Each structure stands twice: as structure tokens, then as C-alpha cells.
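Listed below are the residues making up each chain.
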Amino acid sequence: MEQGSPGGTGSARPGAFVQEAFGGMPQRLFRASPSRLLAWVDCPRRYRMQYLDRPSPPPRAQRAHTSVGTAVHNALRDWWDLPVTRRTPDAGAELVRTSWIEAGFRDLDQSAQWRQRAQRQVTGYLADVDPGEQPLGIERTVSLKTEVLALQGRIDRLDDRGSELAVVDYKTSRWEPTDDDARTSLPLALYAAAAWKMFRRRCVRVELHHLPSGTVAAHEHTGESLKRKIAEAESIARDARRAEDDYAERGVESARFPAAVGPLCQWCDFRAHCPEGQAFGPEKSSWAALEDVPASVTSSAPRVRSST
């Protein structure tokens, strides 16, 4: 990469596989995605249930706002697979219809209303997209290795902007993201650093494209700011690794996975298996994030760190 670019043992729990360690061997890299790293930051208890417990406790059924977001992302992905002459806004609306997911809605009427909203938002967004400017990647998997971390993630869209690349992330939440959201996003920064390394082309611009409002929140990183984000990811990985090593010895008895009790407990996919989370308050309905929202806004869960 060009100059300035980012660049334990013990008794195991029953049934666990333990890789033999030899003296002098380097410590294995911690393998994770940005969403996995942020899951650790948000709630160690949920992290354990989602990534470590085997069998993993079954999560709750999909919520309606997730169905909306998934259908929109799938439509924007598939739109670029169409012949250029067929890449019209109306084609995007049709892709929303064919990829629509009914899961989580109160009833079929609510599902139909939100499908129409999503179609309008995709149509409005694609009206400002040049169908002839093929992105360098659509849902492109990128990876990055450091002395601590082996990271892999998937970018919604990777744009070729002349001499540089730009990372684009689609957002369908009710909250309109700001430039500060783009600046502080750990996943976006890691995607940019990974794309820079993989394609050997400068990638410092990250963008959040918010379909409900039609706005773009953006930030221009530097090589140094991307290095700081990589260091942040490594710090999270070290903490998670220490907890995982303890889990390998103690299993679910490990004390390194406390529940981070708060409002998100009412939305957690694993709250049925977490007494502390249940005690915080009643669970939100599957469609709660869609209620009392203006027609121009697509809803989502409470505002948390993004994990695309």
C-alpha cells in the first residue's frame, strides 16, 4: 500500500476443540466482521449467545423493520444486475415488490403499506443515480489483516470516483444520519481501509445514503484517521479475545459476558434467554418500529451502531 495508507491455554469446557499451542508461535489472528466487533461493544451477553454458545439459543422471529431494510438492500443490489437500458427507477420499485418479505408485520395491510413506501423511496433514490456508472463493487466482500485482527465484511456499494474509491452504505432508518455519523462509523472506516489495501487505490471517502430523506452524510478520512480506526478495532478484538479465552475454560459460567441492560433489551433478539434484559421492560412488538411514523420515513430499530 502506498505511503500514508492504513495499513491462552487451560482446561477447556466439555466438547470444546482446543488447538495445541507450541512455544514461540505467534498468537492467532482474531477473526471478525465489523458487526461482530460492535456486537461485543453493545452487549457481551448477546455476543456470547450469538457467536459462542453452541447450540446458539434460537433468536426471536424477524422484525418488520428488518424486513423493510432487507428488501430495499436486495432491490438496490439486483438493480445493477439488470441491463443498462432496463435500469430505471420503476425497475427498482418492481425489484422491491419481488423481493418483499412479509415477516414481522402486524398484518397484510401494514405490510402492503410499507412495501409501497419502500417502493417510493427506491424510485426517488434511483432517479438521481446514473445507470451507466457501474460501481466497482456491489455487496463486495473485503478483508483486512493486521497483527491482531483478520477482518472481513461486505460493502453495500464501492464506487469508482476517478483516481479514488468511495464506500457507500444504504440506510433506511427513521433517523437521518449526519456527517458526524459517517465520521465516527467504525465499519465504514474499516471498509475504506480494506478497499484501499485490496485495490491499491486511495479510499478515504465514506457515505451514508439515507433513502427516506434522500440525503447523503459523508466524511473524508485520512490515512492517519483510518489507522486510528484500525487501532480501535484491534482494541475491541483484544477485549473480545480475552473473554473468548475465558469462555473456552469456563463456558457459560464465565463472568466476562455481563448483560448491558438498557432500552435495547426491549428489542434484543435473544432477550428470551436473558433474565436481566427481560427485567428492564416489556418486549417491543415485531412492528413497533413502524408505528406512528410519517409516510415519508422508513423505520428501524432504536438507533444503534450500524452493522451492514
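Sequence positions are assigned chain by chain, starting from 1 and proceeding in written order. Local features are withheld for residues below a pLDDT of 70 in this predicted model, meaning they are given only at 70 or higher, and side-chain atom pairs are given and counted only at 80 or more; totals for whole chains, interfaces and linings count all residues. With hydrogens and water excluded, all non-hydrogen atoms of the structure serve as input to the side-chain values.

Caption draft 1: Quick look at the packing of aromatic side chains. Any two of the Phe, Tyr and Trp rings considered here, Trp counted by its six-membered ring, make a pair once their centres fall within 6.5 Å; the pair's planes then place it as stacked at under 30 degrees, edge-to-face at over 60, or tilted in between. This model, assessed by the stated rule, comprises seven aromatic pairs. Each residue in the set W40, Y47, Y51, Y247 and F257 is aromatic and connected to the rest through ring pairs, giving one cluster. Any Lys NZ or Arg CZ found within 6 Å of a ring centre and within 35 degrees of that ring's normal is scored as a charge over the ring. Positioned above the aromatic ring of W114, the side-chain terminus of R117 is 4.3 Å from the ring centre. Cation over ring: R174 sits above W175, and NZ or CZ is 5.5 Å from the ring centre.

Caption draft 2: Molecular detail of unusual backbone geometry. With an omega dihedral of 0 degrees, the bond running from R54 to P55 counts as a cis peptide bond. Residue E139 is not a glycine yet carries a positive backbone phi of 45 degrees. A positive phi angle, near 55 degrees, is found at R200, a position not held by glycine. Numbering of helices and strands starts at the N terminus; helices are DSSP runs of H or I of at least 4 residues and strands are runs of E of at least 2. Within the fold, R200 resides in the loop between helix 7 (186-199) and strand 5 (203-210).

Caption draft 3: Inspection of the pairing of strand 6 (residues 215-220) at higher detail. What makes two strands pair is DSSP finding at least two bridges between them. Judged from the six bridges that link them, strand 5 and strand 6 form a sheet pairing that is antiparallel. Bridge assignment links L208 to a residue of strand 6, and that residue is A217. Here strand 5 folds back onto strand 6 in antiparallel fashion, the turn holding four residues, of which G214 has a positive phi close to 75 degrees.

Caption draft 4: Expanded view of the environment of S67. By the element assignment, S67 lies in helix 3 (residues 64-79). Remark: the alpha-carbon pair of S67 and I101, spanning 34 residues in sequence, is separated by 5.4 Å. Those residues in contact with S67 that sit more than four places away from it in its chain are Q62, I101, A103 and F105. Within polar-contact distance, the side chain of S67 engages the backbone oxygen of A103 at 2.7 Å. Note on definitions: a residue-residue contact is assigned when non-hydrogen atoms from the two residues lie within 4.5 Å. A 3.5 Å cut-off defines polar contacts: any pair of N or O atoms within that distance qualifies, except that in protein one atom must be a possible hydrogen donor and the other a possible acceptor, and neighbouring residues in sequence count only when both atoms are side-chain atoms.

Caption draft 5: Quick look at the pairing of strand 3 (residues 149-161). As paired strands, strand 1 (residues 30-32) and strand 3 are joined by three bridges and run parallel to one another. The residue of strand 3 that forms the bridge with F30 is L149. Of the pairings in the sheet, the one linking strand 2 (residues 137-145) to strand 3 comprises eight bridges and is antiparallel in character. Within strand 3, the residue paired with T141 across the bridge is R154. Hairpin connection, strand 2 to strand 3: the antiparallel pair is bridged by three residues. As defined by bridge partners, strand 3 adjoins strand 4 (residues 164-171) across five bridges and the pair is classed as antiparallel. The residue bridging R157 from the neighbouring strand is V168, located in strand 4. Here strand 3 folds back onto strand 4 in antiparallel fashion, the turn holding two residues, of which G162 has a positive phi close to 75 degrees.

Caption draft 6: Highlighting the pattern of salt bridges. For this analysis, a salt bridge means a side-chain nitrogen from Lys or Arg found within 4 Å of a carboxyl oxygen belonging to Asp or Glu. Summed over the entire model, instances satisfying the criterion amount to 25 salt bridges. Here E139 ties to R77 by a salt bridge, and the two come within 4.0 Å at their closest N and O atoms. Of this pair, E139 sits in strand 2 while R77 sits in helix 3, and the two are 62 residues apart along the sequence.

Caption draft 7: Quick look at the environment of D90. Counting through the fold element by element, D90 comes out in helix 4 (residues 89-98). You can call D90 exposed: its relative accessible area is 59%. Taking the C-alpha atoms as reference points, D90 and V122, separated by 32 residues in sequence, lie 8.8 Å from one another. When accessible area is computed with a 1.4 Å probe and restricted to protein chains, residues below 20% of their type maximum are described as buried, those above 50% as exposed, and intermediate ones as partly exposed.

Caption draft 8: Representation of the state of the cysteines within the structure. When two cysteine sulfur atoms lie within 2.5 Å, the pair is treated as a disulfide. For the coordinates displayed, the defined rule picks out zero disulfides. With no disulfide of its own, C265 lies 6.1 Å from the sulfur of C274, the closest cysteine sulfur. By relative accessible area, which is 10% here, C265 ends up buried.

Caption draft 9: Geometry of the nonpolar core. Here the nonpolar core consists of buried residues drawn from Ala, Val, Leu, Ile, Met, Phe, Trp, Tyr and Cys, with membership extended through side-chain atoms lying within 4.5 Å. Counting 42 residues, the largest nonpolar core has F30, L37, Y47, L149, V167 and C203 as the members making the most contacts within it. Among residues more than four places away in sequence, those in contact with C203 are L158, L165, A166, V167, A192, A195, W196 and L226. One finds V72, A118, Y125 and L126 within the second-largest nonpolar core, a separate group that totals 24 residues.

That's the geometry; what it means functionally is another story.
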